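# Structure assessment
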Amino acid sequence: MPSANWTRATLALQLLAIDPALGGMRVRARSGPVRDQLMQWVDPNARKLHPAISDDALFGGLDLSATLATGHVVQEQGLLATPGALILTMAERVSTALAARLALTLDRSKIHSLIALDEGTAPDEMLNPKLAERLAFDADLSDIGIHDTGPSECPDLAAAQHRLPTVTHDPDILLQIATIAAQCGIDSVRAPLFTLRAALAHAALSGHVSVTSADLEIACALTLAHRATQFPDTPAEEVPEPDAPPADTRSDRDDPNTPDLPDDLLLDAVKALLPDNLLERLAAQKARKGRGNGTGAARKGNRRGRPLSSRAGKICDGARIDIISTLRAAAPLQTIRKHASGRDGLHIRPADIRLKRFEERSDRLLIFAVDASGSAALSRLAEAKGAVELLLAQAYARRDHVALVAFRGTKAELLLPPTRSLVQTKRRLAALPGGGGTPLAAGMVTAFDQATQARRRGLTPTIAILTDGRANIALDGTANRKLAATDAQHIARVLRSQGIDALVIDTGNRPEPALRALAATLNAPYLPLPRADAQRLSQSVAAVLGD
Amino acid sequence: MTPFPFSAIVGQDEMKQAMILTAIDASIGGVLVFGDRGTGKSTAVRALAALLPPINAIKGCPVNSERAENVPDWAMLDTKALHETPTPVVDLPLGATEDRVTGALDIEKALTKGEKAFQPGLLARANRGYLYIDEVNLLEDHIVDLLLDVAQSGENVVEREGLSIRHPARFVLVGSGNPEEGELRPQLLDRFGLSVEVASPKDIATRVEVMKRRDAFENDNAAFMLRWQAEDAAIRDRILTARKALTRLTTPEKALHDVAALCLALGSDGLRGELTLLKAARAFAAWRDDTALTRAHIRAAAPMALRHRLRRDPLDEAGSGTRVIRVVEEVLA
C-alpha cells in the first residue's frame with residue numbers, strides 16, 4: 001500500500017508533466033531505490049544537469065572542435081535550447097550563480113520543468129532558496145521505504161494536457177487561495193500563483209470541466225504546506241499584519257456568494273502536512289541567514305590568486321586561454337599540419353589549447369576584542385598581546401591576519417588594524433594603557449566594523465572576545481549596568497545575523513553567567529579560562545578555530 | 001515571450017516611481033531594488049524596456065552611437081545611416097566572465113581567419129541604455145571593481161592579449177537583490193542614484209489582484225497585452241513630456257537650501273547625495289508637470305535618493321528608510 005507521502009509525490013510529478021509552467025519539484029532524498037522508483041515517473045527523455053555545469057553546456061556556445069575542423073563557425077546547442085524536463089542532481093550543491101541562471105530560465109520560458117534532487121543530509125544543507133522558490137512542489141522522501149512505494153500506473157497525461165486550456169475556474173477561488181497563503185504566513189506571491197496552476201492541472205487530470213473543491217484542496221496541500229512559516233491556527237482576522245492597512249477585503253469574506261467550499265477544509269488539508277517541528281526548522285533557517293548554502297566555503301582570495309602553470313583544457317565559460325602557451329604547444333606541429341592539410345596559416349587544434357589557472361585561498365582574520373578595564377586589565381592585556389604574537393608567529397603557515405580591539409573607559413579603540421606583520425604588532429602593542437569601565441558593547445561594535453570590512457576584502461573574520469564579563473558602560477557612554485548588558489546582547493544578535501563567527505573567552509575567576517548567555521546569543525563557543533596565559537590562550541583559540 | 005507589462009504590476013509604487021525618474025533623467029544614475037523573493041523586482045526591471053522611449057543610433061554600431069564620429073574605428077562600419085532602436089536594456093548575468101563584460105579578442109575570428117579582432121562585450125551593448133544586474137549583491141568582486149571603474153569614467157578600456165581598445169560606456173545601472181543573501185559594498189552602493197526597498201503585499205485584496213493579472217497574462221495574453229500596452233504607452237508619452245518639462249523647470253534658491261540642510265542633517269557621505277536628491281526631486285516635479293521645485297517634491301524624492309547613503313547604525317533596527325523620513329520631517333517641518 002503506497003504511503004500518502006508517496007502518492008503526493010507522484011501526483012505532483014504528473015501535474016508537472018501536464019503543466020511545465022509549474023516550475024518543478026524539489027525531491028529531498030538520498031540516492032536509492034525509492035528515488036529511482038520515483039524517477040520512473042519522470043519523462044525518460046529528461047536531461048540531466050549537475051551543479052558544476054558550464055554556461056556553454058547550458059546555453060550553447062562555440063563548438064571549438066567542429067569550428068576548427070570545418071573552418072567556419074559552428075555553434076553548439078545548449079541543454080536549454082529544447083523544451084522538456086531537466087533533472088538537477090546534487091541540487092544542494094548548486095552555486096548561487098547557477099541557481100540565478102536556472103531561476104532566470106524558469107522565469108522566462110515556461111517550457112522547462114526542473115526536478116531538483118536534493119541529497120542534503122544536514123538540515124542547513126539544502127537547495128538554494130532562490131531556486132526552491134520557483135519550484136511549485138516539494139517532496140521529502142527521507143522517511144519512505146521501498147515498501148511504501150506503489151506501482152506506477154500512469155494516467156493519460158497527453159489527454160489531460162490537451163484538456164488543460166479548456167479548464168475554467170471560479171474567480172472566487174483566487175480569494176480563497178490568497179487567504180490561505182496569508183494564514184500560513186507565505187509572503188511570496190509566487191506561491192498562490194502556483195496553487196492556482198496546480199488546481200487547474202489537477203482538474204484537467206481528473207477530467208473536470210472546472211476546478212472543483214477537491215482539486216483546490218489537493219493543490220493547496222501540494223504547493224503551500226512546505227512554504228508555511230506559521231501554524232494557521234489563528235483565524236485570518238487575528239493574524240497580526242504589521243504593515244497592512246486595515247484591509248477592506250475582510251468584508252468580502254462574509255459575502256453571500258462565498259464559494260461552496262469553506263476555507264477551513266482547505267486549511268485542514270494544508271495543516272495536516274505541516275511538520276511538527278515547523279518552528280524549530282524556521283529558527284534553524286533564520287540562524288542560517290547571511291551564510292552560504294550547501295555549496296561549501298567560497299574560495300575568495302584577497303589577492304587575485306597565485307598564477308599556476310597553464311594546462312591543457314577545453315574552452316568553456318570562465319576559462320581564460322593562455323595564448324602564449326597555446327601557440328607554444330602548436331608551434332612544433334605547424335609544418336606537419338601544413339603538409340597534411342595543404343592550407344597556409346596557423347594551425348591550431350583543440351589539443352593545443354592551454355588555459356590559465358589561478359589558485360585562490362581565503363585568508364582568515366582573527367579579531368581580538370580585549371577588555372582593558374579595571375583590576376585584571378594589565379595582566380589580561382599582557383596575555384592577549386602574548387597570544388596575538390604567538391598566533392602571528394604561525395601566521396605564515398596558517399595565513400592568518402590578526403587585529404586587536406581594546407575597550408575601556410567609555411569607548412573602544414582599534415589598537416592594531418588587521419595585519420600579518422609581527423614587527424609592526426610588537427611596536428604597536430608595546431604600551432597599552434588599562435583601567436576604567438567595561439564598555440563591552442562598544443568593543444563589540446568596533447570589532448564588528450572590522451569584521452565587515454575584512455569580509456569585503458575577502459577575508460574570513462572571527463571575533464574573539466576576552467573579558468570577565470561585567471559590562472557596565474552602555475553604548476552611549478553612560479554607566480548603566482542594565483543598559484550595557486542589553487546593548488551587548490543587541491550587538492550580539494546583529495553579529496549573529498551577519499553570520500560572523502565568534503568566540504567568547506571568560507577570563508574571570510569564576511565563570512560569568514552573563515557571558516555564557518552572550519555566547520549563546522552569538523551562537524559562539526564559550527571558554528572559561530581563568531588566569532589564562534598567552535600559551536594556553538593561543539592554543540585554545542587555535543583549537544576552537546579547528547586547525 | 002514578451003515581458004509582463006510595467007503598468008500592470010500591482011502596487012510597489014515607490015519602485016515604479018524610481019524607475020520612471022531615471023527614465024526621465026538618466027543622469028540620476030540608476031536604481032537599486034532590494035527586497036524579498038517574489039515581490040516583482042525582476043518583473044519590473046524586465047518590463048522597463050518596453051517603457052523607455054526609443055533612441056536614434058547608427059545602424060550596426062556596437063556602442064549605439066548617435067553620431068558617426070563616435071563610432072569606434074574597430075567596428076569598421078561603412079554606413080552612416082541612422083535608425084530608431086529600442087533603448088538597450090542589457091542583462092549582466094551573475095558569473096559573467098570579465099571577457100564577456102568588457103569584450104575581448106574575438107576567438108572565432110582568431111581561430112578561423114587568423115584575424116585579430118575585438119568582440120565587444122556587455123558594456124558596449126549597454127552604452128546609452130541600461131545595465132541590469134539581478135542579484136547584484138552576489139556579483140563577484142572583480143566584476144564589481146570593473147563596473148565601478150567604468151561607471152565612474154563612462155569609458156571602457158580593454159588592454160589585453162595585444163588589443164588596445166577603448167569605447168564609450170555610459171549606462172544606467174539597475175540592480176536588484178535580496179539583502180539577506182549578502183551585502184553590497186558601499187562604493188557600489190554609492191553608484192546607484194536611487195534605492196528602493198520592496199516587500200510583499202500584505203493585504204489579501206492586492207494579492208488576489210496580482211494573481212488575477214498574472215493569470216490573465218498567462219492565459220489570455222493577447223487581450224491582456226492590448227489593454228496594458230496602451231497604459232505603458234501612456235506612461236512612455238508622459239516620460240517624454242516630463243523630459244521636456246525638465247528643461248523649463250525652475251529651481252528656487254530655497255529648494256537648494258532645503259536639499260543641503262537635509263543631507264547635512266543626515267550626515268550622508270560626500271556630495272553625491274545632494275546632487276542626486278536635487279536631480280530626483282526635479283525629475284519628480286517634471287513628472288508631476290509642475291513648473292517649480294517645491295518642498296513636496298524634495299520630500300517625495302528624499303527616501304529613495306538618500307536611503308542607501310547613510311552610515312550604517314547597527315543599533316537602528318528600523319532601517320535607513322525610516323531614518324530618512326524622520327529627518328525629513330524634522331528639517332522640512
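Per chain, the residues get numbers from 1 upward, laid out in the order the sequence is written. Think of it this way: whatever chain is written first is A, whatever ligand is written first is 1, and the rest follow in order. The predicted nature of this model means local features are confined to residues of pLDDT at least 70 and side-chain atom pairs, given and counted, to a pLDDT of 80 or more, with totals for whole chains, interfaces and linings taken over all residues. Each side-chain value is derived from all of the structure's non-hydrogen atoms; neither hydrogens nor water enter the calculation.

Once that is clear, we can look at the confidence of the model for chain B. Residue and element names in this part refer to chain B. Mean pLDDT over chain B: 84, with 92% of residues reaching 70 or higher. By mean pLDDT, the top-scoring element of chain B is helix α11 (residues 272-287) (92), and the lowest-scoring one is helix α4 (residues 107-112) (68). Prediction confidence for the complex, expressed as pTM and ipTM, is 0.72 and 0.79 respectively. Per-residue confidence from the predictor is given as pLDDT, running between 0 and 100. By definition, any uninterrupted DSSP run of H or I lasting at least four residues is a helix, any uninterrupted run of E lasting at least two residues is a strand, and each is numbered from the N terminus.

Of all hydrophobic cores here, the largest spans 65 residues; its most connected members are A:Met25, A:Leu38, A:Ile115, A:Phe137 and A:Leu141. Considering every element that reaches this core, the biggest residue donor is helix α9 (residues 190-205) of chain A, with 11 residues. To qualify as a nonpolar core, a set must consist of buried Ala, Val, Leu, Ile, Met, Phe, Trp, Tyr and Cys residues joined through side-chain atoms within 4.5 Å. The rule is simple: take the accessible area with a 1.4 Å probe, protein chains only, and divide by the maximum for that residue type; under 20% is buried, over 50% is exposed, in between is partly exposed. Grouped together as the second largest cluster of nonpolar side chains are 63 residues, B:Phe6, B:Ile28, B:Ile235 and B:Leu278 included.

With that out of the way, let us pick up the domain arrangement of chain B. Interface size, as often reported, equals the accessible area lost upon joining of the parts. Residues and elements named next belong to chain B. Segmenting chain B into domains produces domain 1 (6-198) and domain 2 (253-331). Distance from the C-alpha centre of domain 1 to the C-alpha centre of domain 2: 26 Å. The interface is formed by 20 residues belonging to domain 1 together with 15 residues belonging to domain 2. Together, the buried faces of domain 1 and domain 2 total about 1600 Å²; carbon and sulfur atoms form 56% of this surface. In this description, buried area is defined as the sum, over both parts, of the accessible area (probe of 1.4 Å) that is lost when the two are combined. For domain 1, the biggest contributors to the area lost against domain 2 are Leu21, Asp190 and Ser195; these three give 27% of the whole. By salt bridge we mean one thing: a side-chain nitrogen of Lys or Arg within 4 Å of a carboxyl oxygen of Asp or Glu. For the pair domain 1 and domain 2, the interface holds four salt bridges. Boundaries between domains were set according to an automatic or database domain assignment. The criterion used for residue contact is that any of the two residues' heavy atoms lie within 4.5 Å.

A separate point is the pattern of salt bridges. With the rule as written, the count across this model stands at 21 salt bridges over all chains. Where A:Lys130 meets B:Glu135, a salt bridge forms, and the shortest distance between an N and an O atom there is 2.4 Å. In this pair, A:Lys130 is assigned in helix α6 (residues 129-132) and B:Glu135 in the loop between β7 (129-134) and α6 (141-153), connecting two distinct chains. Of the residues examined, B:Glu135 reaches a relative accessible area of 5% and is grouped as buried. With a closest N to O distance of 3.0 Å, A:Glu133 and A:Arg190 form a salt bridge. Linking A:Glu133 in the loop between α6 and β7 (137-140) with A:Arg190 in helix α9, this pair joins segments that are 57 residues apart in sequence. The pair formed by A:Glu133 and A:Arg190 is uniform in burial state, with each residue classed as buried. It is possible to trace a salt-bridge network through shared partners that takes in A:Asp19, A:Arg197, B:Arg214 and B:Glu218.

The subject of this paragraph is the side chain of B:Thr22. Residues and elements named next belong to chain B. Tracing the sequence through the fold places Thr22 in helix α1 (residues 13-24). Here Met19 takes part through its backbone oxygen, which lies 2.8 Å from a polar atom of the side chain of Thr22. Not counting chain neighbours up to four residues away, the residues in contact with Thr22 comprise Ile28, Gly30, Val31, Tyr130, Val172 and Leu194. Whenever a nitrogen or oxygen atom comes within 3.5 Å of another N or O atom, the pair is scored as a polar contact, on the condition that within protein one atom can donate a hydrogen and the other can accept it, and that pairs from neighbouring residues in sequence are kept only if both atoms are in side chains.

Low pLDDT means the predicted coordinates in that region are not meant to be read closely. Residues and elements named next belong to chain A. Predicted confidence across chain A gives a mean pLDDT of 76, with 79% of residues reaching 70 or more. Summarising per-element confidence for chain A, the mean pLDDT is lowest in helix α12 (residues 278-288) (56) and highest in α9 (91). Across residues 234-260 the pLDDT falls below 50, and counting only partners more than four positions away or on other chains, this stretch makes 25 contacts in the model. Every residue in residues 287-304 is under pLDDT 50, and counting partners more than four places away or in other chains gives 43 contacts.

Residues and elements named next belong to chain B. Where burial is concerned, most of strand β1 (residues 31-35) is hidden: five out of the five residues are buried. Should DSSP find at least two bridges between two strands, the strands are taken to pair. Note that β1 and strand β11 (residues 194-198) share five bridges and pair parallel. Residue pairing in the sheet places Val33 in a bridge with Val196 of β11. Both β1 and strand β10 (residues 171-177) contribute to a ladder of four bridges, which runs parallel. Across the sheet, residue Leu32 finds its bridge partner in β10, namely Gly175.

Moving on: a nonpolar patch on the surface. Residues enter patches when they are more than 30% accessible in relative terms and free of salt bridges; like-charged ones are connected within 9 Å and nonpolar ones (Val, Leu, Ile, Met, Phe, Trp, Tyr) within 5 Å. Every accessible area reported is derived by Shrake-Rupley at a probe size of 1.4 Å, with residue values counting cover from the shown protein chains alone. A contiguous nonpolar surface patch, about 340 Å² in accessible area, is contributed by A:Ile323, A:Ile324, A:Leu327 and A:Leu346. The residue A:Ile324 is located in helix α13 (residues 323-330) in this model.

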